[in-house]
Amino acid sequence: MVESWVVISGIGIIIGISLIIIDEVLDSYNSQNRVCTLSTTFYQKYNANNQIIYSISCTIENNTTETLNNLLLVIAATAPSEGKEYVWDEVELSVCDIDSREGRKVDVNLEIPIGVSTQISAHLVGDNIELQTLSDMFVSGDE
């Protein structure tokens, strides 16, 4: 069983030591000069039981004049070598509504086997928004 932890707050604190910055990906939603962004950074943290723990931070910025409602964020480590729909680990969570000109940071941990090809994806959907980010392919533990 894989266990992940989640911290949701306007100002987030991550306890632990991050070893390596792996990647950063960014997606934007533009509509008449209104921009929402979803950015993702992730770090290799440590090994446990032949797994590597990746700390993933997703930042959602609402620079529109509307509140983002009924938000669902899915963060996953894809497993393309295992099949299109397979993931090594995944966290799905509801995110509080985000008012105009505000943001939210979400931090999760994902466990990925050592030495496998993967990508980190984040998919945000809501009543009035849909954004997705996808990192470049990498081999876990080769950083």
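Bear in mind that the values here come from a model prediction, so they are computed numbers and not experimental data.

Enquirer: Looking at this structure, I do not really get the overall build of the protein. What am I missing?
Expert: Looking only at helices and strands, the protein has zero helices and 11 strands in total. Each helix and strand of the protein, ordered N terminal to C terminal, gives the series β-β-β-β-β-β-β-β-β-β-β. Sorting the 143 residues of the protein into buried and exposed places 43% on the buried side. Partitioning the intrachain contacts of the protein with sequence separation of at least 6 by distance along the chain shows that 61% fall at a separation of at least 24.

Enquirer: I would appreciate a short explanation of the packing of aromatic side chains in the present structure.
Expert: Two aromatic rings are characterised by how far apart their centres lie and by the angle between their planes. The final tally for this structure, using the stated rule, is three aromatic pairs. Clustering of aromatic rings is evident, with ring pairs tying together F42, Y54 and F138.

Enquirer: Would you mind showing me how to read the layout of surface pockets here?
Expert: To find the voids left in a structure, one rolls a probe of water-molecule size over its atoms. In this model, the largest pocket occupies a volume close to 230 Å³. Forming the walls of the largest pocket are 15 residues, and the residues nearest its centre are A76, T78, K84, V87 and S121. Elements supplying a minimum of two residues to the lining of the largest pocket: β5 (71-78), β6 (87-95), β9 (120-126) and β10 (129-134). Considering each element in turn, the lining of the largest pocket owes the most residues, three residues, to β5.

Reading the values: the criteria
Residues numbered from 1 in each chain as written. Predicted model: local features only at pLDDT ≥ 70, side-chain atom pairs only at ≥ 80, totals over all residues. Heavy atoms only, no water. Helix = DSSP H or I, 4+ residues; strand = E, 2+ residues; numbered from the N terminus. Buried < 20%, exposed > 50% of the residue type's maximum accessible area, 1.4 Å probe, protein only. Contact = heavy atoms within 4.5 Å. Phe/Tyr/Trp six-rings, centres within 6.5 Å; stacked < 30°, edge-to-face > 60°. 1 Å grid on protein atoms, 1.4 Å probe; cavity = no way out; pocket = protein on both sides within 12 Å on 5 of 7 lines; lining within 4 Å. Points joined across faces, edges and corners; volume = space filled by probe spheres on them.

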